[in-house]
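Tertiary structure, described
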Amino acid sequence: MKVIVPIKRVVDYNVKIRVKSDQTGVDLANVKMSMNPFDEIAIEEAVRLKEAGKITEVIAVSIGAAQATETIRTALAMGADRGILVKTDEMVEPINVAKILKAIIDAEKPDLAILGKQAIDDDCNQTGQMLAALLGWPQGTFASKVEFDGDKLLLTREIDGGLQTLKLNMPAVITTDLRLNEPRYASLPNIMKAKKKPIDEKTPEDYGVTIKTHLEVLKVTEPPVRSAGIKVESVEQLVAKLKEAGVIG
Amino acid sequence: MTTLVIAEHNTVKLNDATAKTVTAATKIGADVHVLVVGSGVDAVAEAASKIDGVAKVIVADDAIYAHPLAENLAALVVGMAGSYDAIVSPATTIGKNFMPRVAALLDVAQISEIQGVVSADTFERPIYAGNAVQTVKSKDAKKVITVRTTAFAAAGQGGSAAIEKVAAGDQPGLSEWVSENLTKSDRPELTSAKIIISGGRGMQSGDNFHMLDSIADKLGAAVGASRAAVDAGFVPNDYQVGQTGKVVAPELYIAVGISGAIQHLAGMKDSKVIVAINKDEEAPIFQVADFGLVADLFTAVPELDAELGKLGL
Ligand SMILES: Cc1cc2nc3c(=O)[nH]c(=O)nc-3n(C[C@H](O)[C@H](O)[C@H](O)COP(=O)(O)OP(=O)(O)OC[C@H]3O[C@@H](n4cnc5c(N)ncnc54)[C@H](O)[C@@H]3O)c2cc1C
């Protein structure tokens, strides 16, 4: 049984981004980039399934610029077996990503695709669901627990009111939430080993996908900033201020 | 032009995210229809018909919709899509789950979590945890949109839309609902509460959250949390406020023992008044707080409780 894990290279979650003054986007020059945190959780889950003997191969796929190879290497160091880089310098919207992934899945025939629930750059939260739709597969999004139940999956999801458990046919698409697992750090020997693992380089055209622009970005702006408040000296003063502001009592 | 809004409900009650989404839909400038999908949802359809600006309520009432499975919802909505120029849903966990599926089946993009409508095809949405705002123009003939409901006021009451039934759509039979473990609470829901008091890692334990419960009861507030507090198991997952949890914008947000990471601020920085109680005066939460109190929460919180008690709350 094979698993495909798509991963995205994004601005590190600790970076406070800056909007470019010409409003064309966010300044990415000399900014630390990392694997999208939800994708690390996806890789970790796949590797744990492999370690538990439930699956045999973990394939990490990234769609993006040449530097996404580093992100794939990180996945390989965490325990993925091989990588596929679909190289493009264009901005690839989730619907296009889903189409490329579908073509890869048609070729590789995995039993599972595990994706992060959202990328922390565009905050879209779409790709896994779109991929499931294109494949005609069931989807288990925002997963906090994944178990096998015969030839089906028992999947617990984080929903607005609490937790929900679904039973999914296989093959299926899973998207990860924060509490599914705690991703490991790659050890030095594993980082060395990862250098020898194969990464296939492809293009969207290889998969017969032409990247189409659905959404044109007109501008990117700063959100309004909150004006600085004050420090109060005591709880009594705090309560007085809140009464004055008309928000309590 | 007609826009279809998918109603959010729990079978018995219409969620006020729906009326907020109707406001966003009205701004797109088309007739608004509301689709209620569920099993035994007459009361919900009735409530939806009373929202101002709604021209028609369409009800798909069938046992297969007793639980909102993405595969079933998407099949139904895609089947109806021919009559609509835009399909809009609140960005709740239900909307986030099935709407991208609808978009992919229609071969269009989804415009996620819009917070502003510039025109019928141009929208504002937050990116990078709300640290930037993107204005996007859709080239798709059909628009699939989820709405950040905190950015829109609820449409008023007073409508009397006609209610029409439709047959259930396909049931792809790919997934099955097994069980749910919902957090029970008599307090208001986080996303609609006027006041929220949230605790972070500084709370140290789930038991200590009862200090916040007591204040919440006095203020009619909801209780929220940071990711760290949820990860530590102090409170359930549905308490999480932030970039990847719930986005809230109450009149008053009180952050207790929360440092103010970008990801947390993303979920609450549009609150009207923010209070921070933290013992570290350098904590970033103070940069967004209207009123900051540098104090140990284990003395400040009981004191706050007592002060509120003195007000007869
Ligand atoms: C992909 C991703 C998504 C994330 N999504 C979210 C999200 O949606 N929501 C979210 O909240 N976080 C999210 N995070 C996590 C976020 O980065 C922070 O780690 C988290 O918000 C920290 O929680 P905290 O403020 O409770 O804990 P800490 O940062 O540890 O802060 C605890 C604070 O409590 C104070 N404190 C301790 N003891 C006391 C005391 N006795 N009295 C007063 N103050 C005290 C400390 O001074 C400190 O400021 C996400 C992270 C990632 C990587």
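The sections below set out a description of the structure shown in this document. (Residues numbered from 1 in each chain as written. Chains lettered and ligands numbered in written order. Predicted model: local features only at pLDDT ≥ 70, side-chain atom pairs only at ≥ 80, totals over all residues. Heavy atoms only, no water.)

Regarding the overall build of chain A
On a plain count of helices and strands, chain A comes out with six helices and 13 strands. Of all 249 residues assigned to chain A, the portion counted as buried reaches 53%. Residue pairs in contact within chain A that sit at least 24 positions apart in sequence constitute 70% of those at least 6 positions apart. The averaged location of the 36 negative side-chain charges in chain A is 2 Å from the averaged location of its 34 positive side-chain charges. (Helix = DSSP H or I, 4+ residues; strand = E, 2+ residues; numbered from the N terminus. Buried < 20%, exposed > 50% of the residue type's maximum accessible area, 1.4 Å probe, protein only. Contact = heavy atoms within 4.5 Å. Lys, Arg positive; Asp, Glu negative; His and termini not counted. Charge placed at Lys NZ, Arg CZ, Asp CG, Glu CD.)

Regarding the site of the ligand
Taken together, 29 residues are adjacent to the ligand, and B:R201, B:S226, B:Q240, B:S259 and B:N278 come closest. Each of chains A and B places residues near the ligand. In the model, an oxygen atom of the ligand is placed 2.6 Å from a nitrogen or oxygen of the B:R201 side chain. The separation between an oxygen atom of the ligand and a polar main-chain atom of B:Q243 is 3.3 Å. The protein chains hide 86% of the 990 Å² of surface that the ligand would expose on its own. Residue assignment for the shell around the ligand shows that the elements contributing at least two residues are helix 1 (37–51) of chain A together with helix 6 (227–231), helix 7 (262–268) and helix 8 (297–310) of chain B. (Near = heavy atom within 4 Å. Polar contact = N/O pair within 3.5 Å; in protein donor to acceptor, adjacent residues only side chain to side chain. Areas by Shrake-Rupley, 256 points an atom, 1.4 Å probe, with all protein chains shown as cover.)

Concerning the pattern of salt bridges
For the structure shown, the criterion picks out 33 salt bridges over all chains. Residues A:D106 and A:K102 are paired through a salt bridge, measuring 2.8 Å at the closest nitrogen-oxygen approach. Linking A:D106 with A:K102, this pair stays in helix 3 (residues 94–108), spanning four residues, or about one helical turn. The closest approach of N and O atoms between B:D231 and B:R227, which form a salt bridge, is 2.7 Å. Here B:D231 and its partner B:R227 are both found in helix 6, four residues apart, which amounts to about one turn of the helix. (Salt bridge = Lys/Arg side-chain N within 4 Å of Asp/Glu carboxyl O.)

Focus: the packing of aromatic side chains
All names here are of chain B. According to the stated counting rule, one finds one aromatic pair over all chains in the structure shown. A ring pair is formed by F209 and F234, whose centres lie 6.4 Å apart and whose planes are at 55 degrees; its orientation type is tilted. Pair noted here: F209 is in helix 5 (residues 209–219) and F234 is in the loop between helix 6 and strand 14 (252–256), with a separation of 25 residues, a long-range link. Per residue, the accessibility class of F209 equals that of F234, and both read buried. (Phe/Tyr/Trp six-rings, centres within 6.5 Å; stacked < 30°, edge-to-face > 60°.)

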